[in-house]
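# Summary of the model geometry
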Amino acid sequence: MSSQRLTRRALIAGAGGAALAGPVFGQKLIDLGLPGGPSLRPLDPQFPGKGEMIVQRIRPPLLEAPMEVFRTGTITPNNRMFVRWNWPMPTEVSAAKHRVAVGGAVKAPVALTLDEIASAGETVEIVAINQCAGNGRGLSEPRVTGTQWGNGAMGCAKWTGVRLKDVLAKAGVAEGAKRVRFAGLDVPMTDGAPQFIKSIPIDIAMRDDVLVAWAMNDEPLPILHGFPLRIVVPGWFSTYWVKMLSTIEALSGEDESHYVAETYRWPTVAVKPGDKDFPTVPITAMPPRSFITSHADGATVALGKPLTLEGIAMGGDAGLAKVDLVGDGWEIPCTLGPDEHGPYAFRRWSVTLPSVSGDLTQIGTKAANSNGLTQPGELVWNPSGYARSVIERITLRAQ
Amino acid sequence: MRGVLALLALLCLAGCDASPVVQFKDASITLPDDSDDLPEGPGRQAVIENCTACHSPSTMLQQPGVPRAKWEATVAKMITLYKAPVDPEAVPAIVDYMVAVQARQSDVPRETAR
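As the structure is a computational prediction, the values presented were derived from the model and not from experiment. (Residues numbered from 1 in each chain as written. Chains lettered and ligands numbered in written order. Predicted model: local features only at pLDDT ≥ 70, side-chain atom pairs only at ≥ 80, totals over all residues. Heavy atoms only, no water.)

Within chain B, the secondary structure is distributed over four helices and one strand. Listed N to C, the secondary structure of chain B is β-α-α-α-α in terms of helices and strands. Out of the 114 residues in chain B, the part that is buried amounts to 38%. For chain B, the share of sequence-separated contacts (at least 6 apart) that also reach a separation of at least 24 residues comes to 59%. Accessible surface, chain B: about 6800 Å² in total, of which carbon and sulfur atoms supply 57%. (Helix = DSSP H or I, 4+ residues; strand = E, 2+ residues; numbered from the N terminus. Buried < 20%, exposed > 50% of the residue type's maximum accessible area, 1.4 Å probe, protein only. Contact = heavy atoms within 4.5 Å. Areas by Shrake-Rupley, 256 points an atom, 1.4 Å probe, with all protein chains shown as cover.)

Of the regular secondary structure elements, chain A holds six helices and 27 strands. Counting across all 399 residues of chain A, residues that qualify as buried make up 61%. When the accessible area of chain A is evaluated, it comes to approximately 14800 Å², of which 51% is carbon and sulfur surface.

This part covers the sheet that holds strand β22 (residues 320–326) of chain A. Spatial ordering of the open sheet is given by β20-β27-β26-β22-β23 (chain A), a layout of five strands whose pairing is mixed. Looking at which strands have only one partner, the edges of the open sheet turn out to be β20 (300–301) and β23 (331–333) of chain A. (Pairing = 2+ DSSP bridges.)

Our next topic: the pairing of β22 of chain A. All names here are of chain A. Most of β22 sits inside the fold, with five of its seven residues counted as buried. Sheet topology note: the β22/strand β26 (residues 360–369) ladder contains six bridges and is antiparallel. The partner of Val326 across the bridge, within β26, is Gly364. With three bridges joining them, β22 and β23 adopt antiparallel strand pairing. Across the sheet, the residue bridging to Val326 is Glu331, located in β23. Between the end of β22 and the start of β23, which pair antiparallel, lie four residues, with Gly329 showing a positive phi angle near 85 degrees.

This next bit is on the nonpolar core. Residue and element names in this part refer to chain A. With 94 residues, the main nonpolar core has Trp159, Leu164, Ile200 and Ile248 as its most contacted residues. When residues of this core are assigned to their parent elements, the largest contribution, six residues, is made by strand β13 (residues 211–216). If you count residues domain by domain, this core takes at least three from each of domain 1 (100–263) and domain 2 (289–398). Counting residues in each nonpolar core, the second largest holds 19 residues, with Val301, Val351, Ile363 and Ala367 among its members. (Core = buried A, V, L, I, M, F, W, Y, C linked by side-chain atoms within 4.5 Å. Domains from an automatic or database assignment.)

Relative to the elements of secondary structure, Ala205 of chain A occurs in helix α5 (residues 202–205). Sequence separation between Ala205 of chain A and Arg181 of chain A is 24 residues, and the spatial gap between their C-alpha atoms is 9.4 Å.

Positionally, Asn50 of chain B belongs in helix α1 (residues 44–50). Beyond its immediate stretch of four places on either side in the chain, Asn50 of chain B contacts Pro85, Val86, Asp87, Ala90 and Ile94 of chain B.

We now examine the packing of helix α3 (residues 68–80) of chain B against helix α4 (residues 91–104) of chain B. Residues and elements named next belong to chain B. Following both chains from N to C, one finds α3 and α4 inclined at 135 degrees, their axes separated by 9 Å at the closest point. If you check the angle between α3 and α4, you find them oblique. By crossing handedness, the relation of α3 to α4 is classed as right-handed. Contacts between α3 and α4 involve Arg68, Trp71, Glu72, Val75 and Ile79 from the former and Val91, Ile94, Val95, Asp96, Met98, Val99 and Gln102 from the latter. (Axes fitted to C-alpha atoms, helices over the stretch in contact; angles between N-to-C directions. Parallel < 35°, antiparallel > 145°, perpendicular 65-115°, else oblique. Left-handed = near helix turned anticlockwise from the far one by under 90°.)

For Ser56 of chain B, the position within the fold is in the loop between α1 and α2 (58–61). Given the relative accessible area of 0%, Ser56 of chain B is considered buried. A polar atom in the side chain of Ser56 of chain B sits 3.4 Å from the backbone nitrogen of Ile58 of chain A. Of the polar contacts made by the side chain of Ser56 of chain B, one reaches the backbone nitrogen of Arg59 of chain A; its length is 2.9 Å. Once residues lying within four places of it in the same chain are set aside, the contact partners of Ser56 of chain B are Arg57, Ile58 and Arg59 of chain A together with Asp34 and Asp36 of chain B. (Polar contact = N/O pair within 3.5 Å; in protein donor to acceptor, adjacent residues only side chain to side chain.)

Here we come to the confidence of the model for chain A. Residue and element names in this part refer to chain A. Of all residues in chain A, 93% attain a pLDDT of 70 or more, and the chain-wide mean is 93. The element-level mean pLDDT for chain A is lowest in helix α1 (residues 2–13), coming to 30, with strand β15 (residues 230–232) highest at 99. The model gives residues 1–24 a pLDDT under 50, and that stretch makes 44 contacts with residues more than four places away or in other chains. (pLDDT = per-residue confidence, 0-100.)

Here we take up the confidence of the model for chain B. All names here are of chain B. For chain B, the average pLDDT comes to 83, and 75% of its residues sit at 70 or higher. Mean pLDDT across the elements of chain B bottoms out in α2 (95) and peaks in strand β1 (residues 27–28) (98). Residue range residues 108–114 is modelled with pLDDT below 50. Its contacts to residues more than four positions away, or to other chains, number twelve contacts.

Residue and element names in this part refer to chain A. Following the criterion strictly, the structure yields 19 salt bridges over all chains and no others. The salt bridge partner of Glu122 is Arg163, with a shortest N-O separation of 2.8 Å. Of this pair, Glu122 sits in the loop between α3 (114–118) and β9 (123–131) while Arg163 sits in strand β10 (residues 154–163), placing them 41 residues apart in sequence. Look at Arg163 and you get buried, because its relative accessible area is 10%. Where Lys158 meets Glu125, a salt bridge forms, and the shortest distance between an N and an O atom there is 3.6 Å. Of this pair, Lys158 sits in strand β10 while Glu125 sits in strand β9; the two residues are 33 residues apart in sequence, bridging distant segments of the chain. Within this structure, Glu122, Arg163, Lys165 and Asp208 form a network of salt bridges that share partners. (Salt bridge = Lys/Arg side-chain N within 4 Å of Asp/Glu carboxyl O.)

This part is about the sheet that holds strand β5 (residues 83–84) of chain A. All names here are of chain A. Across the sheet, three strands lie side by side as β3-β4-β5; this open sheet has antiparallel pairing. This sheet does not close on itself; its edge strands, each paired only once, are β3 (54–57) and β5. Relative to strand β4 (residues 62–64), β3 runs antiparallel, the two sharing three bridges. Bridge pairing links Ile54 to Glu64 in β4.

Turning to the packing of aromatic side chains, a few remarks are in order. Residue and element names in this part refer to chain A. For the structure on display, the rule yields ten aromatic pairs over all chains. A ring pair is formed by Trp159 and Trp241, whose centres lie 5.4 Å apart and whose planes are at 80 degrees; its orientation type is edge-to-face. Here Trp241 lies in the loop between β15 and β16 (245–251) and Trp159 lies in strand β10, a separation of 82 residues in the sequence. Three or more aromatic residues joined by ring pairs form one cluster here, namely Phe196, Tyr259, Tyr264 and Tyr386. Lys198 extends its terminal NZ or CZ atom over the ring of Tyr240, reaching a point 4.6 Å from the ring centre. The ring of Trp85 has Lys243 sitting right over it, with the charged end atom 4.4 Å from the ring centre. (Phe/Tyr/Trp six-rings, centres within 6.5 Å; stacked < 30°, edge-to-face > 60°. Lys NZ or Arg CZ within 6 Å of the ring centre and 35° of its normal.)

Pasting the structure below:
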């Protein structure tokens, strides 16, 4: 405890020296490489059911996966999946007492037990990437405020549940319903503050792969990930994947609630810091992204020898089409790993350079999806740091 | 339509009440104590009394350096939007504290080629 305080103080006061306080005070810190800082984050305290995670915030929890989690495989273990809560969540949930109210623009509102949800239709499994809309926000230049994530607010898991449309059918969606809104057991601590409720258009809600899920990688959803049920919208940012689902509400009009109408939105036009009153739309489908996971920025590679780079990539809301290794004026196609889990999952890639002839300066990978969307070379800056998809670059030193 | 989806349908036979697809059990968690702390400085007590009831200090301490006006706007947002019970008279002390803490912050500068 006291060592953490000391470390925190050292971190804030900025001891100045490299890598600072970590080894000195015994607390493990990680440098997220956030331009201008503060960039160091603790790797403790440990949360129940979680492995080593970057602790962005203890209360309510914000836990980020270190990038080493993505060095192998395509499935993120539950104990390394990022955690994000806008408001505090209950720490105890009774399965027998839990109900999901299905109402709003429906023919007959119902309150369903967990067993009734599970038997609402056929059980469906889908592997899909869960990624925070603000993933990578801390890397924005110019910097923006908000949760200062590195790139680890993402993970890929197998989700098991029933189709949302089968649950909606229990109440019967009324003619003309436009959207479906979700609420969970996490509620504001203050009276009158907006609850974290989110809605999706009716055509998305009726998709065959949009789920009310109870399992994550074949285990019951942990409380930190939304026990007993969460929404899964493959290809869309996880802001819509409402956790601890307790209410499903069909809407006959637009959603004017705060987290849809006023935030989690981004500009439809190019903007720069200080701009005001530009048009915005909700942040929804994910763009393609890719990462080099075999080498960290600044790593040393052998001069004159072949070099194999490996990493991970995603197509976003469409399957991954290709990944290219890019440098200053050159591109080399990478070899994609097998399509193990479908269009919404991670895939691995690799590429071998026959011989390293010098430093590899500012190299990165550029993923494209089957809709033709490609990662941009320059950041599409927005004031909330949403939907980062710029080519992520590193420099390797040849020796 | 979504033929490429790896959907695994587990057939639920008519009247399959006897074999539920999943058995739900109660869940609970004990969250770790919040060991996060605020550095010393004028206004620290105002921050403790008005801000950290809702969230850990890291919420503020990890932000990039921003001008005083941004801190004023942020505190105002906490009050008007999130209904934080902040004492209006404490607001200047909170803002002064955050501005001073950020001015002292000199995290490890990172070499980037950009």
